[in-house]
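Survey of secondary and tertiary structure
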Amino acid sequence: MPKSALITGANRGLGLEVVRQLSQQGFHVFAAARRREAGEKAVVVLRESGAKVSVVELDVAQETSIRAAAQTVARQIAHLDVLVNNAAILDEESRSVFATEAATMREVLATNTIGPLLVAQALLPLLKKCPAGRIINVSSTAGSLNEMGTYAPAYSISKAALNAVTRQLASALKGQGIAVNSVCPGWVRTDMGGRHAPRSLAKGAETIVWLATAAPQNLTGQFLRDRKVIPW
Ligand SMILES: NC(=O)c1ccc[n+]([C@@H]2O[C@H](COP(=O)([O-])OP(=O)(O)OC[C@H]3O[C@@H](n4cnc5c(N)ncnc54)[C@H](OP(=O)(O)O)[C@@H]3O)[C@@H](O)[C@H]2O)c1
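It should be emphasised that the depicted structure is a prediction, and the values quoted were computed from it without experimental measurement.

As a further point, take empty space enclosed by the protein. Scanning the entire structure with this criterion turns up 1 cavity of 30 Å³ or more. Here the largest cavity is characterised by a volume of approximately 50 Å³. Counting residues per element, the ones that place at least two in the lining of the largest cavity are strand E5 (133–138) and strand E6 (178–183). Classifying every residue of the lining of the largest cavity by side-chain character gives 8 nonpolar, 1 polar and 1 charged.

Let us look at the site of the ligand. Taken together, 29 residues are adjacent to the ligand, and Arg34, Asn86, Tyr155, Val188 and Thr190 come closest. In this structure, an oxygen atom belonging to the ligand sits 3.2 Å away from a main-chain N or O atom of Gly9. Asn11 places a polar side-chain atom, nitrogen or oxygen, 2.7 Å from an oxygen atom of the ligand. Coverage of the ligand by the protein chains reaches 95% of its 900 Å² of free accessible surface. Comparing atom positions with the cavity grids shows the ligand to sit within the largest pocket. Listing elements by their share of the shell around the ligand, those giving two or more residues are helix H1 (13–24) and helix H5 (153–172).

Once that is clear, we can look at the pattern of salt bridges. Oppositely charged side chains can form a pair if their charged atoms are brought close together. Throughout the structure, instances matching the rule amount to 9 salt bridges. Arg36 is paired through a salt bridge with Glu40; the nearest N and O atoms lie 3.0 Å apart. Pair noted here: Arg36 and Glu40 are both in helix H2 (residues 36–48), with a separation of 4 residues, about one helical turn. Classification of Arg36 as partly exposed rests on a relative accessible area of 33%. With a relative accessible area of 25%, Glu40 lands in the partly exposed category. In this structure, the salt-bridge partner of Arg67 is Glu63, at a minimum N-O distance of 3.8 Å. Placement of both Arg67 and Glu63 in helix H3 (residues 63–76) is noted, with a separation of 4 residues, approximately one turn of the helix. Each of Arg36, Glu40 and Arg47 takes part in a single network of salt bridges with overlapping partners.

Inspection of the entire model under this criterion finds 1 aromatic pair. Note on Phe223 and Trp232: the rings are 5.5 Å apart at their centroids and 15° apart in plane angle, and the pair reads as stacked. Accessibility expressed as a relative area gives 0% for Phe223, which makes it buried. On the basis of relative accessible area, Trp232 is assigned to the partly exposed category, the value being 27%.

This brings us to the nonpolar core. Nonpolar side chains in soluble globular proteins generally cluster together in the buried interior. Ranked by size, the top nonpolar core spans 30 residues in total, and within it Ile7, Val18, Val19, Leu22, Val84, Ile136 and Leu211 carry the most contacts. At the level of secondary structure, the elements contributing two or more residues to this core comprise strand E1 (4–7), H1, strand E2 (28–33), H2, strand E3 (53–57), strand E4 (82–85), E5 and helix H6 (201–213). Ranked by the residues each element gives to this core, the list is headed by H6, at 6 residues. Dropping the residues within four chain positions of it, Val18 is found in contact with Ile7, Val84, Ala205, Ile208 and Val209. Among the nonpolar cores identified, the runner-up in size contains 27 residues, and Ala70, Leu83, Ile135 and Val180 belong to it.

Cut-offs applied
- As a convention, each chain's residues are numbered from 1 in the sequence order in which they are written.
- Only residues with pLDDT of 70 or above have their local features reported here, since the model is predicted, and side-chain atom pairs are shown and tallied only from 80 upward, although totals for entire chains, interfaces and linings are computed over all residues.
- As a convention, hydrogens and water are excluded, and side-chain values are obtained from all of the structure's heavy atoms.
- Site definitions follow a grid-based scheme: protein atoms alone, a 1 Å grid, a 1.4 Å probe that fits but cannot get out for cavities, and for pockets an open set with protein on both sides within 12 Å along at least five of seven lines, plus lining residues having an atom within 4 Å of a point.
- Grid points are joined across faces, edges and corners, and a volume is the space filled by probe spheres set on the points.
- Strands here mean DSSP runs of E at least two residues long; helices mean DSSP runs of H or I at least four residues long; both are numbered from the N terminus.
- Amino acid classes used here: Ala, Val, Leu, Ile, Met, Phe, Trp, Tyr, Cys and Pro are nonpolar; Asp, Glu, Lys and Arg are charged; the rest, including Gly, are polar.
- Each residue is tested against the molecule or strand, and it is near if at least one of its non-hydrogen atoms lies within 4 Å.
- Here a polar contact means two N or O atoms within 3.5 Å. Within protein one must be a hydrogen donor candidate and the other an acceptor candidate, and residues neighboring in sequence count only if both atoms are side-chain atoms.
- For accessible areas, the Shrake-Rupley method is used with a probe of radius 1.4 Å. Any residue's cover is judged against the shown protein chains and nothing else.
- If over half the atoms of a molecule are within 2 Å of the grid points of a cavity or pocket, the molecule is regarded as sitting in it.
- For this analysis, a salt bridge means a side-chain nitrogen from Lys or Arg found within 4 Å of a carboxyl oxygen belonging to Asp or Glu.
- Note on exposure labels: buried denotes an accessible area under 20% of the residue type's maximum, exposed denotes more than 50%, and partly exposed covers the range between, all computed with a 1.4 Å probe on protein chains only.
- Stacked, tilted and edge-to-face are the three classes assigned to paired rings of Phe, Tyr and Trp, where Trp is represented by its six-membered ring and a pair needs centres within 6.5 Å; plane angles under 30 degrees give stacked, over 60 edge-to-face, the rest tilted.
- As used here, the term nonpolar core means buried Ala, Val, Leu, Ile, Met, Phe, Trp, Tyr and Cys residues forming a set that is joined through side-chain atoms within 4.5 Å.
- The contact criterion used is simple: two residues touch if any of their non-hydrogen atoms lie within 4.5 Å.

Next comes the structure, spelled out in structure tokens:
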């Protein structure tokens, strides 16, 4: 049976690139997108080249959507090998922390922090059925407490909190065969990263895919960039 993976925010950017790379490696990939049509459109070319990709509607900021998506996936596979929590939003990069409104904080935390936690909770029964599960939370060095400055306050705070979600999940799953890590993809040319970013999609996805496929299973509870553990 092929390995399986679910990637959130899979209709464009890094998420779609991870779908491409994992499907090339023979995975049955669930490309989760908050709008089904956008997901279906994004994977047309991959399917034409023989990739096994199923599109799942999943808005990570909506609990009902998360539950429904998990049920849809559970009807199709007996176990899930990999979850990549990739979907995220970026607030205005230059907004001052003093001007960051509660509504912005709530929206960004709901998508970037609470969403990944709830998606992991919903898919845990399927991940536990596989002998060596992997959860990868796509974070950012913007969320690094060591390096934090004034850049994009809501986004940076949400990614610091996502790293805490990684630590909590990794600790709670210790000894249960499921590795949980955070990864920074670097500054990548996507809608979020902009066209002047130095990294290609392929390079940005590299460590995410390595964590999904080849990293040692006992590597867990860490924050990585370019396959190396970096400070929180
Ligand atoms: N690009 C960089 O330089 C960079 C650097 C560090 C970290 N990252 C991280 O890498 C990941 C991917 O970023 P990217 O650059 O590929 O961003 P992107 O091009 O802006 O794509 C973001 C993806 O997330 C989806 N998304 C947003 N809100 C969602 C929701 N509520 N439910 C489901 N999907 C949702 C978007 O879907 P829609 O099309 O429906 O909006 C889109 O598919 C993010 O976690 C980001 O923080 C990126």
